[in-house]
Amino acid sequence: MKPNKLTIPLDHRIKIAVWLYFILWIFEGALRKWILPSLATPLLVVRDPVAIYILYQAFQLKVKFTNPYVLYAWLTTVFCFIFTIMFGHGNLFVGLYGARIMLLHFPLLFIIGEVFVKEDVLKIGRVILGLNILMTIIVFFQFNSPQTAFINVGIGGEGSAGFSGAMGYSRPPGTFSFTSGLTIFYTAVSVFVFYFWLSKDSCSKILLYASTIALVIGLPLTISRGAVVGVLVVGLFAIIASGTNGKTLFRLLITGVVLYFLILVLQNYTAIFKLSTEVFMSRVDAANQDGGLKESIFLRALDGFLGPIIDLLNQPLLSGNLGMGTNAGAQILTGKGGFFLVSEGEFGRLGGEQGLIFGGGLIALRIFLAIHLAVKSWRLPKEEKLLPFIFCGAACIALMQGQWAQPTVLGYGVLMAGLLLACFKKEEISLVKN
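About the cut-offs
Residues numbered from 1 in each chain as written. Predicted model: local features only at pLDDT ≥ 70, side-chain atom pairs only at ≥ 80, totals over all residues. Heavy atoms only, no water. pLDDT = per-residue confidence, 0-100. Helix = DSSP H or I, 4+ residues; strand = E, 2+ residues; numbered from the N terminus. Contact = heavy atoms within 4.5 Å. Axes fitted to C-alpha atoms, helices over the stretch in contact; angles between N-to-C directions. Parallel < 35°, antiparallel > 145°, perpendicular 65-115°, else oblique. Left-handed = near helix turned anticlockwise from the far one by under 90°. Nonpolar A, V, L, I, M, F, W, Y, C, P; charged D, E, K, R; others polar. Buried < 20%, exposed > 50% of the residue type's maximum accessible area, 1.4 Å probe, protein only. Core = buried A, V, L, I, M, F, W, Y, C linked by side-chain atoms within 4.5 Å.

Q: How should I be thinking about the confidence of the model for the protein in this particular structure?
A: It should be kept in mind that the predicted coordinates are not to be read in detail where pLDDT is low. The predicted model of the protein has a mean per-residue pLDDT of 85, with 86% of residues at 70 or higher. At the low end of the mean pLDDT range in the protein sits helix α12 (residues 297-312), at 61; at the high end sits helix α16 (residues 407-423), at 96. In this model, residues 1-7 is a region of pLDDT below 50 whose contacts with residues beyond four sequence positions or in other chains number zero contacts.

Here is the structure:
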């Protein structure tokens, strides 16, 4: 008799591919810096083949993901791509690089929402809690090592991956290519730290305690205001969600007390935490002194949201600059990298690349989708609201203002929004093709 071949159901293949997308999101930078530095440039799009595979399998299984959001994004991007090649900068590779954001990656969030269920989300959460411990250890060594050390090497094995910080210390990137990746990683971690502290869902207490300590230690080590603000926003959503349920609110109070005493102990008895906190506060003070109130954290976020919307009105109706707003696109067009040809902000990029009509349309699409998910989460029954609404603190911000021109931030937005959609589902839906 012939041995039976191990076969994987098609719906499970999509789940495995999503897990691969998730793992590559975290370790893409490690591949480009430490493991395969000679392939740093092609590894920039290492998740694109995975995205294509997921889309192919989703079409094969007739997964219901081609909703009005996806169809509008596809039609707009295809039109802008044609307009870019015929009347714009005309570079095929730059146009394709810009088009892949909405053609390949944006639909994935709806596919994840269809094939994943809440238990899949919690499995990813437990893995993130474990990876958080490893990440914080790496960040600890990056913070304490000179920028010439191997652990701080830059993309392609050249230069340094650290960014300007304070008091002679640089902002570490962890396993990511840039410090922005580490910022959003800790925001994602905080979603599950808050949730597992506040819910009854199973999670190893040792893992939860260790990951909580790692998060508290890791935040000042990042020297990143964005990381702290991201965690605070998620915490605010957790407080709001807890306020609708008396039992959860009690757990929130206990969690707050535990975190307070944890920070107090670390500050008084741990030299590295005290030092990193001092460095972080020095950077905050320096930024506020240099830029005044406009450079304060929350007003910067407000200005970053409203400013590009006002600038959008000054854009032409149509623009043929698709892909030009990305660093990779700028490098191909000019031969130089490390700057922005269109805009550093996401709304400015969309308007500058695609013009008032279609760029403004994509901005509106992302804002409406974020608002829709937040309202849907809020309207859930009290016993089902906690996880989705906490997720909104990360996913909705990533949808509205995430700088998707940067591949790591794009992957974060797709994963967070996709997992949020999956939180609405309780039961598995069979997608096995007959």
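Q: In this structure, what is going on with the side chain of S377? I would like to understand it.
A: Counting through the fold element by element, S377 comes out in helix α14 (residues 346-378). Not counting the four nearest positions on each side in its chain, S377 is found in contact with K385, P388, F389, C392, L420 and F424.

Q: Where do I start with the packing of helix α5 (residues 108-115) against α16 in this structure?
A: Angle between the axes and distance between the axes: these two values describe a pair of packed helices. Viewed as axis vectors pointing N to C, α5 and α16 meet at an angle of 30°, and their least axial separation amounts to 7 Å. It follows from the interaxial angle that α5 and α16 lie roughly parallel. Between α5 and α16 lies a crossing whose hand is right-handed. Along its contact with α5, which presents L108, L109, F110, I112 and G113, the element α16 presents V414, L415, A417, G418, L419, L421 and A422. Partitioning the contact of α5 with α16 into residue classes produces 10 nonpolar, two polar and no charged.

Q: Even after reading the chapter, I still don't get helix α13 (residues 327-334), so can you show me in this structure?
A: The α-helix winds at 3.6 residues per turn, so residues separated by three or four positions along the chain end up facing the same way. Within α13, burial applies to A328, G329 and A330. Elements that come into contact with the buried residues of α13 comprise α4 (92-105). One or two positions beyond α13, positive phi appears at G335, with a value near 80°.

Q: Before we go on, may I ask you to explain the packing of helix α7 (residues 179-198) against helix α9 (residues 225-242) in this structure?
A: At a minimum axis distance of 8 Å, the contact between α7 and α9 shows a crossing angle of 25°. With respect to α9, the element α7 is oriented roughly parallel. Classified by chirality, the crossing of α9 by α7 is right-handed. Every residue of α9 that contacts α7 at T183, Y186, T187, S190, V191, F194 and L198 is listed here: G226, A227, G230, V231, V234, G235, A238 and S242. When grouped by side-chain class, the residues that make up the contact of α7 with α9 number eight nonpolar, seven polar and no charged.

Q: Mind showing me how you'd approach the nonpolar core here?
A: One recurring pattern in soluble globular proteins is that nonpolar side chains are buried together. Core analysis: the biggest nonpolar cluster contains 112 residues, and W25, F106, L109, I111, F185, I390 and F391 have the highest contact counts within it. Looking at which element gives the most residues to this core, the answer is α7, with 14 residues. Not counting chain neighbours up to four residues away, the residues in contact with I111 comprise I14, I54, L55, A58 and F65.

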